[in-house]
Amino acid sequence: MAQSEWMQDPGWKFLRQSDEEKLQEQATRKFDNKTHTWIPDPEEGFLIAAIAVDETDSLSVTLPNGTQKKYTRDQCQEINPAKFEKTEDMSNLTMLNEASVLHNLRQRYRNMMIYTYSGLFCVFVNPYKMLPIYTDSVAKMYVNRRRSEMPPHLFAVADEAFRNMISEHENQSMLITGESGAGKTENTKKVISYFAMIGAGGQAVGGGGQASEIDTKKKSENSLENQIVQANPAIEAFGNGATVRNYNSSRFGKFIRIHFDKRGKLVGGDIEHYLLEKSRVIKQAPGERSYHIFYQMMTQKKLRDRFSLTDNIRDYNFVSQAEITVPCMDDKEEFKATNTAFDVMGFSDFEKDELYKTCAAIMFMGNMKFKQKPRDEQAEIDGMDAPEKAARLLGVNVDLFIHALCAPKIKVGNEWVTKAQNVQQVDWGVGALSKAIYARVFTWLINRCNETLTGHLEDAAHYIGVLDIAGFEIFNRNSFEQLWINFVNEKLQQFFNHHMFVLEQEEYRREGIEWTFIDFGLDLQACIELIEKPLGIISMLDEECIVPKATDMTYVDKLTNQHLGKHPNFVKAKPPKGKEAHAHFAIVHYAGTVRYNAEQWLDKNKDPLNDSAVACLKAGGNPEALVCKIWSDYMTDVDREAAAARGKTETGGKKKGKSASFMTVSTMYRESLNSLMTMLHTTHPHFIRCIIPNEKKTSGLIEAPLVLNQLTCNGVLEGIRICRKGFPNRMCYDEFRYRYAILAADEANDKDTKVASIKMLDKMLKTQLLIADHFRSGATKVFFRAGVLARLEEARDEAIAKFILYFQAAIRARLALDDYASKIQQIDAAGIIQENVRSWVVVRKWPWFRLYAKLKPLLKGMKSNAEIEALEKRCKEIEAAHKIEEETRKRLEDELRAKKEECADTQAALDRERAAIERRNKEIEELNASLRKEQEKLEEADKKQKDLEKQRERERKEAEEKERKLGAELEQEKNRAQAEAEVYKEKLKTAEEAAQKGERTRKAQEKELTDMANQLEAARQKNDRQENERNKLAEQLEKAENEAIVERKQRDEMQKANKKLEAQLRAMKEQMELMQKDRSNSDVDLKRRDEEISILKSKALSDANLIAKLQSTLRALIARIEELEEDLDAQSRARNRIEKHRNELQAQLDSINEQCTEAKGQLTAQVHLNNTRATEMAELHREIERKSLTHEAYVADLCSMQYLTISQLRNLSQQAATIENEASQLLDIRRAQTLGGALTRDNTVTIYDENGSHL
Ligand SMILES: Nc1ncnc2c1ncn2[C@@H]1O[C@H](COP(=O)(O)OP(=O)(O)O)[C@@H](O)[C@H]1O
Ligand SMILES: [Mg+2]
């Protein structure tokens, strides 16, 4: 299926964004890695803040709400470049920090892309809604595809495991961990369905598409793949309960191994389980519920009746301490599903019934009440209803059972003593027994499923194991169970670190990178040793369990003395905060420091059982009953005694049993953990980390602190920490060159990508963009330290920005120039218009111009008309030419087509002829062959005939010879016989004569004669026989003769046939000759035709050339026409424009003319006025003349007067000067005469006006 087809799949959008969407999102990202930073936030985890002031070790930032705040650099985390938004593999992030990991997961979760890789991990965030990404169609997309070519998905990891198994011949494991409710079990189910699908050869098995689920059920109810899938609901009914966090929480860990044969066909499976939470059987916290099976059973009236249960589950104390229903879970339906699963798994009705019965018994055990005997430490039963029902279901005697519970017998040495129990002890004992029964039933159930899944394990080559186990837990109160879960997870994390280190090392080695290796697995070693080594937490607990009078507190004291202050991972618990419970010590795990409360650890570890009660159950009626079977590996004291009594031969078994019953819970857990780890170490692991996004079971909501805590606990951040130490970002040389060539363009030019890349890196070193420690060049890839790619990205952005800037500048300049040019044109045009208007204003009244103006449009119109006409004419001409050309083209094309057809016809005829000739040739050949055959036959027949003739001759000769011989023999015989007869006759004669001579001899002679007659008879008979023989021979001869005749006839016929054939042959030969002649004729014809064809072909070629030429001229002409048309168009447009312009001008002119005529009227009025004015003026002129005359006379008078006056003035001034001289002389004299005397002639100064007249 192609990618485009996948994109149609409803699930695709939950797997990968389209490139366009991605680019758009990246482009619209409102923050930038240079100007923004992540700052911690208690609610959102991290917020993006704009950097306001960047100081060396602190940053002042503006929060999204606008406030300013200062953070140290350590508090801030860098943002990744936009390229890394919603990245599919977080180990590619160049800023590998918590904030970025959370952001990436959050962004992807927003689009419901719930799978994301983080290096070796596949991180899953629970979507809390059904997404169509587990359908058959999606599963098929992933079959046989590499992880890197597909979007992140569980199926990708699963397929990788499967392919690894087939190709590497190595067992695989998938480690699915996470908090409760994170989706481990769901993922486990999906992955198993996937394996079942590929293991079954590609058909889907449930899990995914609903439709196929039904189909498959119908098809292969009890097929192994279906059984592997259906084992889950069966086990889940008994192993899952409702918790606050998860309504379907598996309260046990499991490792499901799916076995395949060499070719990858599913051959079987098996399940191993760990750490079942037993306490749930008798106690449930608020908001929780016990194992589903109890509630499912209670929906079945038939079962209730059978086991005498009431219809109210609240009547049963063990299972109704908190919730009894679960939202969205219909227990009735679930019961059906469980029952179906049991059927598919091949459970018999008896087995199912036993399972339900034991559960009912446990419910009744919960209702058993005990009371204190008066004045005694001894408890006794209070009410017999519940114990009776329980005992009936358990198949034991109720009194014995109660006695065993209230007063158990224990063996002290060789003595049996009865131990008095108080009510509390009995209650405790009943609880412990119920838990033990349930746990053992669960174990039996798993073993029973394994029996079914065994399939054809003998063919098994490899397996894929799927581990679904609770992840690291830190609760308010952490007890023994948490210690174990956390210890398991510490081990798994170590396994991961080690594996990652190994892979990393391999990759570095493959790529030839220098690198000093560190085993990151060792980081966790200290903590693991603290827990598991001798004198460690677990071994000390085991030791404490056998110390008399030990308590939880003595254990804590011992631990503290041993480790506190000495072991770095053992610390004093901090005082409780908030809801936290009191704790006795704390352990530093990789995921955090956990405070542990050690109360009841000794009891939890010892997990003591009432031995008498167990013995009672074991001794109960039916050994086939489940309650009996589940104890088969438990040795009670009674068993031991019995075994001892049976003798020493079974000591081995006894020892084993003893040790088993003394085993502490820790020892058992440790054994199974060790075997799990050993197994995992032999596999190639794949890691799935499940994350619960919020505690409200709501889709789409991310509670950041919760997610961050899980990222820490499930090792994603730990993985990243390791990553950061090495070279987490790697890039193939190709990709490196492609993306960063812009940073070292010259160096990137080398033909060899690697050489080019190395040169580029050198250049970057020189330009100090990188330093040597930032990267390593491997064989095929460049390796970068975390964060280096961001620098490169920045530099790349800058380089690109520079180019874009140039580009923009060039475009802007071009636009501005265009604008400038058009403005200049406008200015020019305005000038021209102004000039025109101005000259028009000047010339408009000029009659010639008027005339011109009147004529001009006509002239111009005519001219342009003529032009247009000419153009039209030309156009028509061209069109005509075009048409002609078109016609010729068409004709030529037709001709060509006709020629081609003709050619094809000829070719076909030729082919036909050729075929006919070939056929004829073949016929001739066939005929020749048959002729040859016939001739051969003929020859053979001739030979045969000759042979036959010879044989016949021979036979005839033989017969003749025989005849002759026989005849001669017969004659001889006859002759002899006759001679004999003659002799005898003579003898007879002599005898007769003798008889005549003597009667005595006659008899003898007669006798002799009869003898002889007999002989004669015999001879005659012989003769007859010979005669017969002869007749026979004659017959034979006749037959042979007949045969010969027949043969002769045949020969004649054959000869005839031969003749006929010869005639035919001759005819054929003639025909052949004719044909050959024909053929040569047709060859000639053919040759001629060929020549014709070649001529035609060449003609066609030349025609085609001509046509092509014509077409090209045609095209040119068309282009020319188009050009001319365009011209014409432009011209006519210009004409129109000019016409319009002219009209406008005309209108202007007209208006101006109007204005003129108006002005003319005004002018005439003015002229008239002027005339009157002129006469007035003439008069005035005359007046003026008159007046000027008088004036002139007056002026002359005045002039003469002036002259006179001037001369007078001159005289006077002369006089004045003399007087002044005199005066000054006088003044001098006076000043000389009377210094300080009074002025005598002060008032003698005379003043004259300018005319010299006296004023
Ligand atoms: N892939 C998934 N698609 C939809 N819902 C899921 C998916 N995985 C988990 N869930 C939801 O989360 C709940 C808890 O999942 P489960 O696998 O039981 O968690 P765990 O085993 O980790 O405790 C499921 O009941 C289901 O509602
Ligand atoms: Mg689960």
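Residues numbered from 1 in each chain as written. Chains lettered and ligands numbered in written order. Predicted model: local features only at pLDDT ≥ 70, side-chain atom pairs only at ≥ 80, totals over all residues. Heavy atoms only, no water.

## Quick word on the site of ligand 1
Around ligand 1, a shell composed of 16 residues is seen, among which Asn126, Gly181, Lys184, Thr185 and Glu186 lie nearest. Between ligand 1 and the protein, one listed contact pairs an oxygen atom with a backbone N or O atom of Gly181 at 2.6 Å. The contact in question runs from an oxygen atom of ligand 1 to an N or O atom on the backbone of Gly183, over 2.9 Å. Here ligand 1 has 560 Å² of accessible area as a free molecule, and 88% of this is covered by the chains. At 3 residues, helix α6 (residues 184-199) tops the list of elements feeding residues into the shell around ligand 1. When its residues are assigned to classes, the shell around ligand 1 shows 5 nonpolar, 7 polar and 4 charged. (Near = heavy atom within 4 Å. Polar contact = N/O pair within 3.5 Å; in protein donor to acceptor, adjacent residues only side chain to side chain. Areas by Shrake-Rupley, 256 points an atom, 1.4 Å probe, with all protein chains shown as cover. Helix = DSSP H or I, 4+ residues; strand = E, 2+ residues; numbered from the N terminus. Nonpolar A, V, L, I, M, F, W, Y, C, P; charged D, E, K, R; others polar.)

## Examining the sheet that holds strand β22 (residues 775-777)
The pairing of strands in a sheet happens through backbone hydrogen bonds and is either parallel or antiparallel. Taken in spatial order, the 3 strands line up as β21-β23-β22 in an open sheet, and their pairing is antiparallel. Looking at the sheet topology across the chains shown, the edges are occupied by β21 (729-732) and β22. Between one strand axis and the next, the sheet turns by 20 degrees as a mean value, whatever way the strands run. Bridge analysis of β21 against strand β23 (residues 781-784) gives 4 bridges, and the strand direction is antiparallel. Each residue of the ladder has a partner; that of Arg730, found in β23, is Phe783. Sitting on the sheet, helix α29 (residues 753-766) touches β22 and β23, and the angle it makes with β22 is about 150 degrees. (Pairing = 2+ DSSP bridges. Axes fitted to C-alpha atoms, helices over the stretch in contact; angles between N-to-C directions. Contact = heavy atoms within 4.5 Å.)

## Examining the coordination of the magnesium ion (ligand 2)
Here the magnesium ion (ligand 2) is held by the protein donor atoms Thr185 (OG1) and Ser250 (OG), which lie 1.9 to 2.4 Å from it. Here Ser250 lies in strand β9 (residues 249-250) and Thr185 lies in helix α6, a separation of 65 residues in the sequence. Take Thr185 and Ser250: they sit in the same class, and that class is buried. (Donors = N, O, S within 2.8 Å, 3.2 Å for Na, K, Ca; no water. Buried < 20%, exposed > 50% of the residue type's maximum accessible area, 1.4 Å probe, protein only.)

## Details of the nonpolar core
Core analysis: the largest hydrophobic core is formed by 221 residues, its most contacted members being Phe195 and Phe238. For this core, the element with the most residues is helix α15 (residues 423-453), which contributes 15 residues. Residue contacts for Phe238: discarding those within four places in its chain leaves Tyr291, Ile293, Phe342, Leu355, Cys359, Tyr438, Val441, Phe442 and Leu445. With 7 residues, the next largest nonpolar core counts Ile39, Val61, Leu63 and Cys76 among its residues. (Core = buried A, V, L, I, M, F, W, Y, C linked by side-chain atoms within 4.5 Å.)

## Examining the pattern of salt bridges
By the definition in use, this model includes 63 salt bridges. The closest approach of N and O atoms between Arg889 and Glu893, which form a salt bridge, is 3.3 Å. Of this pair, Arg889 and Glu893 are both found in helix α31 (residues 847-997), 4 residues apart, which corresponds to roughly one turn of the helix. Exposure remark for Arg889: the relative accessible area of 18% places this residue in the buried category. Owing to a relative accessible area of 23%, Glu893 belongs among the partly exposed residues under this scheme. With its nearest N and O atoms 3.7 Å apart, the salt bridge here joins Arg891 to Glu895. One end of the pair, Arg891, and the other, Glu895, are both in helix α31, 4 residues apart, so they sit about a helical turn from each other. The network of salt bridges with common partners includes Glu504, Glu507, Arg510, Arg730 and Lys781. (Salt bridge = Lys/Arg side-chain N within 4 Å of Asp/Glu carboxyl O.)

## Re the pairing of strand β2 (residues 45-54)
Summarising the sheet, strand β1 (residues 36-41) and β2 pair through 6 bridges and their orientation is antiparallel. Across the sheet, the residue bridging to Asp41 is Gly45, located in β2. One ladder, built from 4 bridges, connects β2 with strand β3 (residues 58-62); its direction is antiparallel. From the neighbouring strand, Val53 faces β3, where its bridge partner is Ser60. Count of turn residues in the β2/β3 antiparallel hairpin: 3 residues.

## What to know about unusual backbone geometry
One non-glycine residue, His169, lies in the positive phi region at around 55 degrees. Take His169: it is sitting in the loop between α5 (154-168) and β7 (171-178). Even without being a glycine, Leu275 presents a positive backbone phi close to 50 degrees. Here Leu275 lies in the loop between β11 (266-274) and α9 (292-297).

## Description of the packing of helix α14 (residues 398-406) against α15
Each pair of packed helices can be summarised by the angle the axes make with each other and by the distance between the axes. Between α14 and α15, the shortest axis-to-axis distance is 9 Å and the interhelical angle comes to 115 degrees. Along the contact surface, α14 presents Phe401, Leu405 and Cys406, while α15 presents Val426, Val430 and Leu433. Taken together, the residues of the contact of α14 with α15 break down into 6 nonpolar, no polar and no charged.

## Overview of the UniProt feature "domain: Myosin N-terminal SH3-like" (unreviewed entry) in the protein chain
Mapped onto the present numbering, the UniProt feature "domain: Myosin N-terminal SH3-like" (unreviewed entry) falls at residues 32-81. In the segment residues 32-81, helix accounts for 0% and strand for 52%; the C-alpha atoms at its two ends are 7 Å apart. (UniProt positions renumbered as here; feature names shortened; annotations may be inferred.)

## Notes on helix α21 (residues 611-619)
Judged by how many residues are buried, α21 sits mostly within the fold: 7 of 9 residues are covered. Of the residues that open α21, the one with a side-chain oxygen 3.1 Å from the backbone nitrogen of Ser612 is Asn610.

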